[in-house]
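Spelled out from the first residue to the last, the chains are:
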Number of protein chains: 2
Amino acid sequence: MENDFIFVGQKPIMSYVLAVLTHVNSGHDHVFIKARGAMISKAVDISQIIKRKFSKDLKLGNVEVGTEELTSEDNKKRNVSFISIELKR
Amino acid sequence: MENDFIFVGQKPIMSYVLAVLTHVNSGHDHVFIKARGAMISKAVDISQIIKRKFSKDLKLGNVEVGTEELTSEDNKKRNVSFISIELKR
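Not measured: the values here are computed from a predicted model.

Trainee: With reference to specific residues and values, describe the side chain of B:Ser84.
Mentor: Position of B:Ser84 among the secondary structure elements: in strand 4 (residues 77-88). Once residues lying within four places of it in the same chain are set aside, the contact partners of B:Ser84 are B:Phe5, B:Phe32, B:Ile33, B:Lys34, B:Asn62, B:Val63 and B:Glu64.

Written as structure tokens, this is what we have:
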């Protein structure tokens, strides 16, 4: 389950598109694209690029938004929004 | 139904939080926070701030992501990702 997550960060958007496609093409039924904060918009773009251009047989599954508590380097806790977008066969 | 949408743009985040709260406090059962492109992350933040700090009786409803086709000023069509986050009593 944990291995079905692709975490979106600072890399170019096509890196994540490729990571998702590699994941599902290696025998997994579904994948979760997960992102926090400003990367949330990028996660939605990734899901849409995959659906429109690369893999029309992948369907959008559950889309979840919520808040996670992160501890920063100075030991302060802060709340960060996240999104998790499921793509499945 | 159309009137249940709050569209997220360039205003400060608390403007939209206030708009959502005003909407539900004026007798509406639910509201959709909608945003496109880079504003998507902001829409998620808005939904989380409302849930955590302002209105714990509002529940997260359906979260939808997708693509809309926009026509820009030079008449070119381009695809933009969107999110729609439902909050309901």
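Trainee: Residue-level account of the relation of the copies chain A and chain B, with values.
Mentor: The two copies are related by a screw motion: chain A maps onto chain B through a turn of 180° and a shift of 0.0 Å along the axis, at an RMSD of 0.0 Å. Taken together, the rotation and translation describe the operation of a two-fold axis.

Trainee: Account for the nonpolar core, naming residues and giving values.
Mentor: Soluble globular proteins: nonpolar side chains tend toward being buried together. One finds A:Ile33, A:Ile50, A:Ile83, B:Ile33, B:Ile50 and B:Ile83 to be the most contacted residues of the largest nonpolar core, which totals 46 residues. Sequence-distant contacts of B:Ile33, that is, excluding residues within four places in its chain, are made with B:Ile6, B:Val8, B:Val20, B:Ala43, B:Ile46, B:Ser47, B:Ile50, B:Ile83, B:Ser84, B:Ile85 and B:Leu87.

Trainee: Any chance you could break down the sheet that holds strand 4 (residues 77-88) of chain A for me, citing the residues and the numbers?
Mentor: Taken together, 4 strands build an open sheet; the order of strands is 1-2-4-3 (chain A) and the sheet is mixed. Pairing within the sheet leaves two strands with one partner each, and these edge strands are strand 1 (5-7) and strand 3 (59-71) of chain A. The mean angle between the axes of side-by-side strands here comes to 25°, regardless of whether they run parallel or antiparallel. Here strand 2 (residues 30-36) of chain A runs beside strand 4 of chain A; their pairing, made up of 7 bridges, is antiparallel. Of the residues in strand 4 of chain A, the one forming a bridge with A:Phe32 is A:Glu86. In the packing of helix 2 (residues 40-54) of chain B onto the sheet, contacts are made with strand 3 and strand 4 of chain A, and the angle to strand 3 of chain A comes to roughly 60°.

Procedures and definitions
- Residues numbered from 1 in each chain as written.
- Chains lettered and ligands numbered in written order.
- Predicted model: local features only at pLDDT ≥ 70, side-chain atom pairs only at ≥ 80, totals over all residues.
- Heavy atoms only, no water.
- Helix = DSSP H or I, 4+ residues; strand = E, 2+ residues; numbered from the N terminus.
- Contact = heavy atoms within 4.5 Å.
- Least-squares fit on C-alpha atoms with pLDDT ≥ 70 in both.
- Core = buried A, V, L, I, M, F, W, Y, C linked by side-chain atoms within 4.5 Å.
- Buried < 20%, exposed > 50% of the residue type's maximum accessible area, 1.4 Å probe, protein only.
- Pairing = 2+ DSSP bridges.
- Axes fitted to C-alpha atoms, helices over the stretch in contact; angles between N-to-C directions.

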